[in-house]
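# Structure assessment
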Amino acid sequence: MSRTATYLTGRFFDGISSGMFMLALPWIMLNQGDMGVFVAAVSLTCTALSFIATPFTATLIDRHSRKTILIVIQVIQSLTALSVLFAFRFQADSIWLLALAQLIFWLTNDVAWSTNNAFTQENYDKADYARVTGQQEVVIQLTTLSAGAAGIVLLTSWSMSEFALLATLASGIAALSYWLTPYRRRLSSSQPQAFFRQLAESRTIFTRQPAFYLFLALSCLTYPMLTYLAKLVPVYFSEHNISGSWFASWSLSYGIGALLTGLLVTRLLARISHEKAMMYSVIIMGSLLITMAVWLTPVVLVSLTVILGFFNALNRITRTNKLNHEVNVHERGRIEGGLKLFSTLSQSLSYVLIAALSYLQITEMGFVIMGVIVLAAGLLMQMLYRQGCHVQVSVA
């Protein structure tokens, strides 16, 4: 198998394992009875710990073999799922074990995402970046759609033991696939700097070109926008007694849009600059959200979300490619970590906004507010671009 085939196979089984298992864990916990507050508290804890751990894990990515990190993550996830499997088989399961499993998968998935971006930059030539990231997007969306669709059906018939067995095997196959992937390591195997000195250097990286990184951070707002909508849309549907099938259609439409991006992104990036693709994507998404707010019907939401999914994925893939081309491979982990801190903080604030809007019974205003925020971010990106923030910051 080629380098890309084994790598994408690893990403596919990683997505299946994480998607299905993470879908099952909250469901099983909720089935324990009156556990809504507990499940919400676990998610909040996972988010908080992820935020705290990010600077440290980001530095580790810049110190150790990215291939080894990917393999270790899959081994940890496989062993975690195996532990859950044994616990359920021998009637030693508990709600706390499930919470711990969710925490482990949550944190390792966060590390894996940043590591994969750094691994792609390190292991491929610049001419291959757009093609490989496009192929990754197709794999990610296929696994997301498969895990979501199959998971909804299987949750009614499978036990936690069966989900745990699937996750154990899938993570094991992912680890093997990553191990078989040829790796062109460009990081030095010796570490001239102490860990905490390298950690502290993260601030210097971002202050070196603040306008450049502000441009990238603003484009990152589309991730918390997506997670915000994933919470806002079902709340709005439930408040207006709209069938849950519409929410399933909404989720599917986003995935279809993103899948189309993966198929077309190589051609698109050959015709438009990274900066313009990111700017226009963010501006279009802000405009789409405002349009949704004006014609707030299930048909409009589902239809426009296909376009939203397309441009959200285009923005994310383009940002990844821009980083691949323009930042130093030895700093990639810490750069990913800094951007993740910004998006995680924005994500947390968006959840607070949803709670406030729901309490005030003006949930529909959530589309307008997010639309204005995203549109303003796009316009600010355009202003930064005109000031020259798009210049190359370092040699990869």
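Residues numbered from 1 in each chain as written. Predicted model: local features only at pLDDT ≥ 70, side-chain atom pairs only at ≥ 80, totals over all residues. Heavy atoms only, no water.

## With respect to the overall build of the chain
In terms of regular secondary structure, the chain is built from 14 helices and zero strands. Taken from the N to the C terminus, the helices and strands of the chain come in the order α-α-α-α-α-α-α-α-α-α-α-α-α-α. Taken against the 2.2 N^0.38 rule, which gives 21 Å for 396 residues, the C-alpha radius of gyration of the chain at 21 Å falls within 12% of a compact globule. Across its three principal axes, the chain shows a C-alpha extent of roughly 55 × 50 × 40 Å. Across the 396 residues that make up the chain, the buried fraction comes to 52%. A gap of 10 Å separates the mean positions of the 25 positive and 17 negative side-chain charges of the chain. (Helix = DSSP H or I, 4+ residues; strand = E, 2+ residues; numbered from the N terminus. Rg over C-alpha atoms; globule rule 2.2 N^0.38 Å. Buried < 20%, exposed > 50% of the residue type's maximum accessible area, 1.4 Å probe, protein only. Lys, Arg positive; Asp, Glu negative; His and termini not counted. Charge placed at Lys NZ, Arg CZ, Asp CG, Glu CD.)

## Quick notes on the pattern of salt bridges
Tallied over the full model, the rule gives twelve salt bridges. Counted as one network, the salt bridges with shared partners bring together Asp62, Arg66, Glu122, Glu201 and Arg334. (Salt bridge = Lys/Arg side-chain N within 4 Å of Asp/Glu carboxyl O.)

## Some points on unusual backbone geometry
Peptide bonds are trans in most cases, and residues, glycine excluded, mostly fall at negative phi. One non-glycine residue, Gln91, lies in the positive phi region at around 55°. With respect to the helices and strands, the residue Gln91 is situated in the loop between helix H3 (66–89) and helix H4 (95–123). The backbone phi angle of Gln361 is positive, close to 60°, even though this residue is not glycine. On the secondary structure map, Gln361 appears in the loop between helix H13 (332–359) and helix H14 (365–386).

## What to know about the packing of helix H1 (residues 3–30) against H3
Each packed pair of helices is defined by two parameters, the angle between the axes and the distance between the axes. At their nearest, the axes of H1 and H3 sit 12 Å apart, and the two run at 35° to each other. As H1 packs across H3, the resulting crossing turns out to be left-handed. Of H3, the residues touching H1 (which contributes Tyr7, Asp14, Ser17, Ser18, Phe21 and Ile28) are Leu70, Gln74, Gln77, Ala81, Val84 and Phe88. Tallied by class, residues from the contact of H1 with H3 come to seven nonpolar, four polar and one charged. (Axes fitted to C-alpha atoms, helices over the stretch in contact; angles between N-to-C directions. Left-handed = near helix turned anticlockwise from the far one by under 90°. Contact = heavy atoms within 4.5 Å. Nonpolar A, V, L, I, M, F, W, Y, C, P; charged D, E, K, R; others polar.)

## Remarks on the side chain of Glu331
Inspection of the secondary structure assignment puts Glu331 in the loop between helix H12 (298–326) and H13. For Glu331, a relative accessible area of 11% puts it in the buried group. Within the local environment of Glu331, its side chain forms a polar contact with the side chain of Arg208, the two groups lying 3.2 Å apart. If near-sequence neighbours (up to four positions away) are discounted, Glu331 is found in contact with Asp62, Ile205 and Arg208. (Polar contact = N/O pair within 3.5 Å; in protein donor to acceptor, adjacent residues only side chain to side chain.)

## Considering the packing of aromatic side chains
As enumerated under the stated definition, the model contains 13 aromatic pairs in all. Seen in terms of ring centroids, Tyr7 and Phe119 are 5.0 Å apart; in terms of plane orientation they differ by 40°. Their pairing is tilted. Of the two residues, Tyr7 is situated in helix H1 and Phe119 in helix H4; the sequence distance between them amounts to 112 residues. Relative accessible area serves as the criterion here: at 0%, Tyr7 is assigned to the buried category. Measuring from ring centre to ring centre gives 5.2 Å for Phe310 and Phe311, while their planes differ by 80°; the resulting arrangement is edge-to-face. The pair formed by Phe310 and Phe311 is uniform in burial state, with each residue classed as buried. (Phe/Tyr/Trp six-rings, centres within 6.5 Å; stacked < 30°, edge-to-face > 60°.)

## With respect to helix H8 (residues 210–219)
The buried count for H8 comes to seven of ten residues, which makes it a mostly enclosed element. All of the buried residues along H8 are Phe212, Tyr213, Phe215, Leu216, Ala217, Leu218 and Ser219. Buried residues in H8 make contact with helix H7 (195–208), helix H9 (222–239), helix H11 (274–294), H12, H13 and H14.

## Concerning a nonpolar patch on the surface
A surface patch of nonpolar side chains, about 460 Å² in accessible area, is lined by Leu49, Phe51, Ile52, Leu345 and Leu349. Structurally, Leu345 is set in helix H13. Given the relative accessible area of 47%, Leu345 is considered partly exposed. (Patch = residues over 30% accessible without salt bridge, like charges linked within 9 Å, V, L, I, M, F, W, Y side chains within 5 Å. Areas by Shrake-Rupley, 256 points an atom, 1.4 Å probe, with all protein chains shown as cover.)

## Details of H13
With 28 residues, H13 should cover 40 Å at 1.5 Å per step; its first-to-last C-alpha distance of 41 Å lies within 8% of that length. Gln361 sits one or two positions beyond H13 and adopts a positive phi of about 60°. (Expected span 1.5 Å × (residues − 1).)

## Side note on the environment of Ser2
With respect to the helices and strands, the residue Ser2 is situated in the segment before H1. On a C-alpha basis, the gap between Ser2 and Phe119 in space is 16 Å, while along the polypeptide they are 117 residues apart.

## Observations regarding the confidence of the model for the chain
Close inspection of predicted coordinates is inappropriate in any region flagged by low pLDDT. Averaged over every residue, the pLDDT of the chain is 86; residues scoring 70 or more account for 95%. No element of the chain has a lower mean pLDDT than helix H5 (residues 129–154), which averages 79, and none a higher one than H3, which averages 95. Of the regions scoring below 50 in pLDDT, residues 391–396 engages in 22 contacts with residues more than four places distant in sequence or in other chains. (pLDDT = per-residue confidence, 0-100.)

## What to know about the side chain of Arg316
Secondary-structure assignment places Arg316 in helix H12. Classification of Arg316 by relative accessible area gives buried; the value is 17%. Apart from the residues lying within four places of it in its own chain, the contact partners of Arg316 are Trp113, Glu137, Gln141 and Tyr254.

## Here we look at the packing of H7 against H13
Taken N-terminus to C-terminus, the directions of H7 and H13 make an angle of 70°; their axes are 10 Å apart at the nearest point. Our classification of the angle between H7 and H13 gives roughly perpendicular. Along its contact with H7, which presents Gln198, Glu201, Ser202, Ile205 and Phe206, the element H13 presents Arg334, Ile335, Gly338 and Leu339. Class assignment for the residues of the contact of H7 with H13 results in four nonpolar, three polar and two charged. (Parallel < 35°, antiparallel > 145°, perpendicular 65-115°, else oblique.)

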